[in-house]
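# Report on the structure
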Amino acid sequence: QVQLVESGGGLVQPGGSLRLSCTASGIIFSTYTMGWYRQAPGKERELVATITRGGSTNYLDSVKGRFTISRDNAKNTVYLQMNSLKPEDTAVYYCNAREIIIATIVNYWGQGTQVTVSS
């Protein structure tokens, strides 16, 4: 059974920092592209950052220079370091694991963790 368990969300003031973690089980973590998505109230879910099994990263333009995604394959964990947070970063953040298996895209999702940026 595949599980992605996120942690690290919370309430932070503008300009503050948070680090999200997502620990996976039930998959061969090192072979998966890992990502963080977010969904704000009334908006569609959007891709925030991804990291491939080779370590290549990709970011949403609005978070470039502020957020950093990283992974620790020994711990089956992906991180999202968020600095200089803004109120518009407020959303539920979801961890995603994606792999292509026999020409089929396989996606797994975590339950989400709330990030609220407010004074």
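Report on the accompanying structure. Keep in mind the model is a prediction, meaning the values are calculated, not measured. (Residues numbered from 1 in each chain as written. Predicted model: local features only at pLDDT ≥ 70, side-chain atom pairs only at ≥ 80, totals over all residues. Heavy atoms only, no water.)

## Here we look at the environment of Ser118
Its place among the elements puts Ser118 in the segment after β11 (113–117). Classification of Ser118 as partly exposed rests on a relative accessible area of 39%. Separated by 58 residues in the primary sequence, Ser118 and Leu60 have C-alpha atoms spaced 21 Å apart. Ignoring anything within four residues of it in the chain, the contact list for Ser118 reads Leu11, Val12, Gln13 and Pro14. (Helix = DSSP H or I, 4+ residues; strand = E, 2+ residues; numbered from the N terminus. Buried < 20%, exposed > 50% of the residue type's maximum accessible area, 1.4 Å probe, protein only. Contact = heavy atoms within 4.5 Å.)

## A closer look at the state of the cysteines
Such a bond, covalent and formed between the sulfur atoms of two cysteines, is termed a disulfide. Summed over the entire model, instances satisfying the criterion amount to one disulfide. A disulfide bridge connects Cys22 with Cys95, and the sulfur atoms are separated by 2.1 Å. For the disulfide bridge between Cys22 and Cys95, the dihedral angle about the S-S bond is near -80°, and by the sign convention the bridge is left-handed. Placement of the pair is Cys22 in strand β3 (residues 18–25) and Cys95 in strand β9 (residues 91–101), with a sequence separation of 73 residues. Of the two residues, Cys22 and Cys95, neither departs from the other in class, the shared state being buried. (Disulfide = S-S within 2.5 Å.)

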